[in-house]
Amino acid sequence: MDGFTNRAAGFVKRERIYIFLLIFVVLFHLSFLFFNQFLEDSGLGGIFEEGRFKGEDIISDEKIMEAAASDPVIYFIFLFLLAGFLLFVIIGIALDIVYLYLERKKKTPFGRTQPVETGLWGFWDICKIAIIFLFVQRVMWLAGIFLFAGISYLETGTSLGLMLSATLTNVIAIAAIFYFVLNKKKQAITSLGLTTKRFFVNIKYGVFAYIGLIPVLASVMFLTMWLFNVFNIPVEPQPILVILQREKHIP
């Protein structure tokens, strides 16, 4: 028992920064939940109704067809995109058949383009990156409320504010990954699979693999939509589409 206690105390002392960040994230979530519950119990929950998505905000199939029928240009673009999607589905199915055939013949369709160094990071290192990501997300949310209050383009909930917050959060998370790999683990950037060697071969593999996944993704999407209809599950609109639809400033 003493050995376990000593190891736990050593772990807490060694990783205290990330533990504090994790506690902050947990307390932030709990505080937000309690605050929302307090508003609901006090009858003030409606103050956020204005920011919620409404039925007219949803870009439905009927609205798309109505817009396409009223404008020949939109109709042409709609048919062009639909034909392109179907073409990629057909090409993707053909690539999947070829891939499965080569796999059955024990032939590898995608060869290794360069040796990749084995990563020295473990599960806890990945957890650290996730903690940093969640912490920065919460800090950016608070910054949108307190630091950028009054700046119409940067307030929390505005399109530019959301894009700026998401971009900075992702940049910081990527920087943290590079810091762990290059500084902490003393490994080359190639251990992350980032290299310019045989660059165009890698691009070709990526394009073929992506096209081959399109039929799989389309099948999952249609199956999900079918199950939602069968069990009468309401489908929430994609938030980013609603935000873009509401945006009044083109830049």
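Our subject in this report is the structure included herewith. The structure presented is a predicted model; accordingly, all values stated were derived computationally and were not measured.

1. Quick notes on the nonpolar core
Reasoning step 1: Of all hydrophobic cores here, the largest spans nine residues; its members are Tyr-18, Leu-21, Ile-129, Ile-131, Ile-132, Val-136, Met-140, Ala-176 and Phe-180.
Reasoning step 2: Of all elements in the fold, only α2 (16-41), α5 (123-146) and α6 (159-184) reach the threshold of two or more residues within this core.
Reasoning step 3: Examining the composition of this core, we find that five residues originate from one element, α5, more than from any other.
Reasoning step 4: Beyond its immediate chain neighbours, meaning those up to four positions away, Val-136 contacts Thr-169 and Ile-172.

2. Brief notes about a nonpolar patch on the surface
Reasoning step 1: Together, Phe-20, Leu-22, Ile-23, Val-26, Leu-27, Leu-30, Leu-33 and Phe-34 line one region of the surface with nonpolar side chains, adding up to about 790 Å² of accessible area.
Reasoning step 2: Looking at the secondary structure, you find Leu-27 in helix α2.
Reasoning step 3: Residue Leu-27 is classed as partly exposed on the basis of its relative accessible area, which comes to 48%.

3. Some details on the pattern of salt bridges
Here the idea is simple: oppositely charged side chains can pair when their charged atoms come close.
Reasoning step 1: Taken as a whole and assessed by the stated rule, the structure comprises three salt bridges.
Reasoning step 2: Here Lys-128 ties to Glu-15 by a salt bridge, and the two come within 3.2 Å at their closest N and O atoms. Here Lys-128 is found in helix α5, whereas its partner Glu-15 is found in the loop between α1 (2-14) and α2, with 113 residues between them in sequence. Here Lys-128 and Glu-15 have matching classes, each one buried.

4. Comments concerning the packing of aromatic side chains
Remark: the centre distance and the inter-plane angle together describe each pair of aromatic rings, the angle taken between the planes.
Reasoning step 1: Under the definition given, this model contains nine aromatic pairs.
Reasoning step 2: Residues Phe-24 and Phe-28 carry aromatic rings whose centres are separated by 6.3 Å and whose planes lie at 35° to one another, so their mutual orientation is tilted. Of this pair, Phe-24 and Phe-28 both sit in helix α2, four residues apart, which is roughly one turn of that helix.
Reasoning step 3: Overall, the relative accessible area of 17% leaves Phe-28 in the buried class.
Reasoning step 4: Between Phe-76 and Phe-80 the ring centres are 6.5 Å apart and the planes differ by 20°, which places this aromatic pair in the stacked class. Of the two residues, Phe-76 and Phe-80 are both situated in helix α4 (residues 72-104); the distance of four residues between them amounts to about one turn of the helix. Take Phe-76 and Phe-80: they sit in the same class, and that class is exposed.

5. Concerning α5
Reasoning step 1: Here α5 contains 24 residues, and its C-alpha end-to-end distance of 35 Å stays within 8% of the 34 Å for a straight helix at 1.5 Å per residue.
Reasoning step 2: Looking at α5, one finds that the buried residues are Asp-125, Cys-127, Lys-128, Ile-129, Ile-131, Ile-132, Val-136, Arg-138, Met-140, Ala-143 and Gly-144.

What counts and what doesn't
Residues numbered from 1 in each chain as written. Predicted model: local features only at pLDDT ≥ 70, side-chain atom pairs only at ≥ 80, totals over all residues. Heavy atoms only, no water. Core = buried A, V, L, I, M, F, W, Y, C linked by side-chain atoms within 4.5 Å. Buried < 20%, exposed > 50% of the residue type's maximum accessible area, 1.4 Å probe, protein only. Helix = DSSP H or I, 4+ residues; strand = E, 2+ residues; numbered from the N terminus. Contact = heavy atoms within 4.5 Å. Patch = residues over 30% accessible without salt bridge, like charges linked within 9 Å, V, L, I, M, F, W, Y side chains within 5 Å. Areas by Shrake-Rupley, 256 points an atom, 1.4 Å probe, with all protein chains shown as cover. Salt bridge = Lys/Arg side-chain N within 4 Å of Asp/Glu carboxyl O. Phe/Tyr/Trp six-rings, centres within 6.5 Å; stacked < 30°, edge-to-face > 60°. Expected span 1.5 Å × (residues − 1).

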